[in-house]
Amino acid sequence: MVKNITYSAMLSVITVLLFSSQMFVPVLGIFIAFFSLIPLILVYKMTNIEYFLISTITSGFLILILNDLFGLIFFTTYLLPPVLSIVVNKKYKMLHIIFFLVPVASSYFMYKSFFNVKIFEYLWPVIGASTFFVVKFYYIKITELIIKGLSAKDIKK
């Protein structure tokens, strides 16, 4: 139990630090923020769903405190749904549809609120949908590589 709490606490802090880089490193920080939720998936893979939920809620509160409103919207509605769709059981199709529609609606909301460029008006839902699939794919692949690397280190010991 202590091992699970330690994993979830450390990886939650890493998530917050990686995501907060989008505020301090101008261009590179936004790319780092895209990969900031990989530690939360590692919490799920290394422990179980309860620790994952606690880590997600804790990370959300810390991001709420440390970041601006755009960061909170970006975290909760754009990056978190692909992670939740990875974690949720495959038999809950309605949840997967909701987790897909939230980033699409969020990208349109961000377009209307922050990036109101007329040329991209009809592209924002496509950008949201493609980002969902790309982020989900890369989260799965990178997490598999990290887990494989961790298990290889355990075998060598």
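Every chain begins its residue count from 1, and numbering advances along the sequence as written. It should be noted that, the model being predicted, local features are given only for residues of pLDDT at least 70 and side-chain atom pairs only at 80 or more, the latter also being counted only at that level, while totals for whole chains, interfaces and linings use all residues. The basis for every side-chain value is the complete set of non-hydrogen atoms in the structure, without hydrogens or water.

(A) Examining the environment of Ser-8 more closely. Tracing the backbone shows Ser-8 in helix H1 (residues 2–24). C-alpha of Ser-8 to C-alpha of Phe-137: the two residues are 129 residues apart in sequence and 23 Å apart in space. Not counting residues within four places of it along the chain, the set of residues in contact with Ser-8 comprises Val-43, Tyr-51 and Ser-55. Counting of polar contacts relies on pairs of N or O atoms within 3.5 Å, with two restrictions inside protein: one atom must be capable of donating a hydrogen and the other of accepting it, and residues adjacent in sequence are counted only when both atoms are side-chain atoms. Within polar-contact distance, the side chain of Ser-8 engages the backbone oxygen of Ile-5 at 3.0 Å. Secondary structure follows DSSP: runs of H or I at least 4 residues long count as helices, runs of E at least 2 residues long count as strands, and numbering of each begins at the N terminus. Any two residues having at least one pair of non-hydrogen atoms within 4.5 Å are treated as being in contact.

(B) Molecular detail of the packing of H1 against helix H3 (residues 38–46). The axes used here are C-alpha line fits, helices contributing only the stretch in contact, and every angle between their N-to-C directions lies in the interval 0 to 180 degrees. It is at 8 Å that the axes of H1 and H3 come closest, and there the two elements cross at 165 degrees. Classified by the angle between their axes, H1 and H3 sit roughly antiparallel to one another. Judged by the twist between their axes, the crossing of H1 over H3 is left-handed. Note on element contacts: H3 touches H1 through Pro-39, Leu-40, Leu-42, Val-43 and Met-46, opposite Asn-4, Tyr-7, Ser-8, Leu-11, Ser-12, Ile-14, Thr-15 and Leu-18. Under this scheme an angle from 65 to 115 degrees is roughly perpendicular, one under 35 degrees roughly parallel, and one over 145 degrees roughly antiparallel; angles in between are oblique. In this scheme the crossing of two helices becomes right-handed for a clockwise turn of the near helix relative to the far one and left-handed for an anticlockwise turn of less than a right angle.

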